[in-house]
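# Tertiary structure, described
What follows is the residue order along each chain.
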Amino acid sequence: MLYKSTRGYSEKFSFSDAVLTGIAPDGGLFVPEEFPTLNEAALEKLCELDYCSLAREIFSLFADDFTKEELDTCVKNAYADGSFPEEPTPLSVLSNNLSVLELWHGPTSAFKDMALQILPEFMSVAIKKSKKHNKIAILTATSGDTGKAALAGFKDAENVNIMVFYPVSGVSEMQKTQMITQEGSNLSVVAVRGNFDDAQTGVKNIFGDKEFAEVLKERGYTLSSANSINIGRLLPQVVYYFYAYLALVRNGRLTLGDKINFAVPTGNFGNILACYYATKIGLPVNKIICATNDNNVVSDFITTGIYNSKRPFILTVSPAMDILISSNLERLLFDVSGENTEIVSGLQQDLKANGVYSVEKEMTDAINEYFWSSYSTQPECCKTINSIHSEFNYLVDPHTAVGIDVYDKYVISTGDTTPTVAVSTASPFKFNKTVAEALYGEASTEGKSEFEILDELSEKTGWEIPVPLRDLDKKSILHKGVCDVSDMKAEVDAFLK
Ligand SMILES: *Cc1c(COP(=O)(O)O)cnc(C)c1O
């Protein structure tokens, strides 16, 4: 299986090279040359597999330059080394029609672990196969969660180093504590004086510095990023859609071949695109419900065919979905345009030049065959956290609540009673202040630190705090570096000496 660019670049890449390169040389995203398909008999065979074996089978369809043994090792190191419980993605059944797929049992209590725990494994194997690269240095600017998930994933990975920059002002106390207490021999965490955009721009400038790239190359390093457009982050997300479906078959709630819906809280469109890919290769899905928050660019696009990023950026209680440019949408455009690279390149140019693009009705119709979309406002999201708790004695974080609220809107609008799985992307304790205020009122958190609220939420609800968030304030601080944007390159240079 080879990978090609959504913008028509002539050369095709192996899975290894696509993972190490990240983005195609023409700026496009890597997509599989063709999609494998699984029929019902093949699905039935997958039914009895545990998470790791299922993951290995699905990866073997897409990463055929890896041996089964290599895939097996990658999968076990990622999901069966103690970072996840024995069942990495448990399914909680709330009602006849609604279950919740919990993707937050990894080392940072959020769904990005599902991909970032295995991406470094893929990279370590890929480096050994690749003739183009020998050591990788990952650089990331983070506004919070991705940084910690990447650090936890790349910690002690072979032939890979990672450096994370976070803005001095702009990450929460808990996010910061998670990062600066990270252990590992191959990593560095540095605070940048400025906001997230400053840190991001600094990293982009380093990526664009050809001279510096040559210097690093002489030391054996290729710079790479771990962001969510990497195909090695997308594929791991396909697995849990199959897992959820097969779990419902195993517990008798579905008969093999029945269709289900998925409700996915969406930001950069990576998680939900993986659901679409699962559908393409044979998972029986009725509708994919795309839920956004007040930054509803994507839901407007799905309903109107017009993508308009020129609007105010709203800081919400579901910050991981506060996004106006959803990069992975490019892969969907590629698919529903009949793999028309000219159309895709044109749309991306419009977006870059004007912040806006619009697609023909045929493309909107094709998208609406698979997707239904709406958004949840902040008061609606908080109300949902409260009602799910009182109705089912179940806790959801604000991102998951956005998904469930939009699912409710879907049911009201369509009357559809198809069994639905809502994807849960973060532990409620990761966003404890919002959850506590939704349940007990704003006054309940007044004057309290995030760590106090965490303990109190656990006491009041009887839910246990996940291990990664417990006792964070008692860990030793290992990374104290602070620099100006202008010194970021020097920091990288010193780290990779
Ligand atoms: C990243 C993230 C999302 C959005 O996922 P995308 O793949 O970017 O659409 C939703 N919820 C949480 C908690 C996240 O961290």
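Everything below is about the structure printed above this text.
To start, this report covers the structure provided alongside it. Source: prediction; values computed, not measured.

Conventions adopted
- Residues numbered from 1 in each chain as written.
- Predicted model: local features only at pLDDT ≥ 70, side-chain atom pairs only at ≥ 80, totals over all residues.
- Heavy atoms only, no water.
- Helix = DSSP H or I, 4+ residues; strand = E, 2+ residues; numbered from the N terminus.
- Expected span 1.5 Å × (residues − 1).
- Buried < 20%, exposed > 50% of the residue type's maximum accessible area, 1.4 Å probe, protein only.
- Arc of directions from axis to C-beta.
- Contact = heavy atoms within 4.5 Å.
- Polar contact = N/O pair within 3.5 Å; in protein donor to acceptor, adjacent residues only side chain to side chain.
- Near = heavy atom within 4 Å.
- Areas by Shrake-Rupley, 256 points an atom, 1.4 Å probe, with all protein chains shown as cover.
- Salt bridge = Lys/Arg side-chain N within 4 Å of Asp/Glu carboxyl O.

It is worth spelling out helix α15 (residues 341-354) at this point. Under the 1.5 Å per step criterion, the end-to-end length of α15 is 20 Å for 14 residues, consistent within 8% with the ideal 20 Å. Turning to α15, its buried residues are V344, S345, L347, Q348 and L351. For α15, the angular spread of buried residues about the axis comes to 160°, placing them on one side. Across from the buried face of α15, at angles greater than 90 degrees, the exposed residues are E342, Q349 and A353. Where α15 is buried, its residues touch β11 (306-308), α14 (329-336), β12 (356-358) and α16 (361-370). The N-cap residue of α15 is N340: its side-chain oxygen and the backbone nitrogen of E342 are 3.1 Å apart. A positive phi of about 75° marks G355, the residue just after α15.

This part is about the site of the ligand. In the region of the ligand, 14 residues are neighbours, and K112, G267, N268, N271 and T425 sit closest. A distance of 2.5 Å is found between an oxygen atom of the ligand and a side-chain nitrogen or oxygen belonging to K112. G267 has a polar backbone atom sitting 2.8 Å from an oxygen atom of the ligand. Computed on the free molecule, the ligand has an accessible area of 390 Å², of which 96% lies beneath the protein chains in the complex.

Quick look at the pattern of salt bridges now. Counted under the stated rule, the structure contains 24 salt bridges. In this structure, R311 engages D300 in a salt bridge whose closest nitrogen and oxygen atoms are separated by 3.1 Å. With R311 in the loop between β11 and α14 and D300 in helix α13 (residues 297-304), this residue pair connects regions lying 11 residues apart in the sequence. The salt bridge involving D473 is made with K474; its shortest N-O contact spans 3.9 Å. Exposure remark for D473: the relative accessible area of 44% places this residue in the partly exposed category. By relative accessible area, K474 is classed as exposed at 63%. One connected set of salt bridges, linked through shared partners, spans R56, E57, K68, D72 and K76.

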